[in-house]
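Structure assessment
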Amino acid sequence: MKILIAYDDTNGAKEALKYGLKFKKIVDEYIIVYVIPAIVGISASFDSYVPETVYQGQDKTADEILNNARAILDNENVKYNIVKIRSEGDEVSKLIADYAAQNGADMIITGTRKLHGISKLILGSVSSGIIAHSEIPVLVVPPS
């Protein structure tokens, strides 16, 4: 069994990883995915210059986030693969669902921040989007 865990170092993501490790006796491989979000305002109709240092900063942050997941996994004696994806304007949840499908994942585990009302409308919900886009089961783990 192969499980993809969407990880962004939030409390919900940490709970998702912790919960996912409960399956380690039946999991052959964990795929830990972090999607680097697009820079707001960048689109085909928006002409701007983004300095390379901004992208380098995003990569550094992504590496720190994934290193935190790696530290947890290294203590669990499990096989895992760490994946960093740059969104380039694509919806984060769709990228996660697509990556899971393309790489043979049997299930996606994701956390949630339990957003409601205006917060959910403005900030979106990656977990809801993964459910909407995924063709495989999705387990959503709430923060503690």
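See the structure above.
Here's what I pulled together on the structure shown here. Since we're looking at a predicted model, the values are computed, not measured. (Residues numbered from 1 in each chain as written. Predicted model: local features only at pLDDT ≥ 70, side-chain atom pairs only at ≥ 80, totals over all residues. Heavy atoms only, no water.)

Our next topic: the packing of aromatic side chains. Counted by the stated rule, this structure contains one aromatic pair. Aromatic pair Tyr19 and Phe23: ring centres 5.9 Å apart, planes at 65°, arrangement edge-to-face. Take Phe23: its relative accessible area is 24%, and that puts it in the partly exposed class. (Phe/Tyr/Trp six-rings, centres within 6.5 Å; stacked < 30°, edge-to-face > 60°. Buried < 20%, exposed > 50% of the residue type's maximum accessible area, 1.4 Å probe, protein only.)

Two packed helices can be described by the angle between their axes and the distance between those axes. Contact geometry of helix H3 (residues 92-102) with helix H5 (residues 126-133) gives a least axis separation of 8 Å together with a crossing angle of 45°. Taken together, the axis directions place H3 and H5 in an arrangement best described as oblique. Note that H3 runs across H5; the crossing there is right-handed. In this structure, H3 uses Val92, Ser93, Lys94, Ile96 and Ala97 to contact H5, whose residues at the interface are Val126, Gly129, Ile130 and His133. Tallied by class, the residues present in the contact of H3 with H5 amount to five nonpolar, three polar and one charged. (Axes fitted to C-alpha atoms, helices over the stretch in contact; angles between N-to-C directions. Helix = DSSP H or I, 4+ residues; strand = E, 2+ residues; numbered from the N terminus. Parallel < 35°, antiparallel > 145°, perpendicular 65-115°, else oblique. Left-handed = near helix turned anticlockwise from the far one by under 90°. Contact = heavy atoms within 4.5 Å. Nonpolar A, V, L, I, M, F, W, Y, C, P; charged D, E, K, R; others polar.)

Further remarks concern the sheet that holds strand E2 (residues 29-36). Pairing is parallel across the open sheet formed by five strands, whose spatial order is E3-E2-E1-E4-E5. Two strands lie at the open edges of the sheet, namely strand E3 (80-86) and strand E5 (138-141), each paired on one side alone. Averaged over all pairs of adjacent strands, the angle between their axes in this sheet comes to 20°, without regard to strand direction. Where strand E1 (residues 2-6) and E2 come together, five bridges link them in parallel fashion. Within E2, the position partnered with Lys2 by the bridge is Glu29. The sheet strands contacting H3 are E1, E2, E3 and strand E4 (107-111), and the helix crosses E2 at an angle near 155°. (Pairing = 2+ DSSP bridges.)

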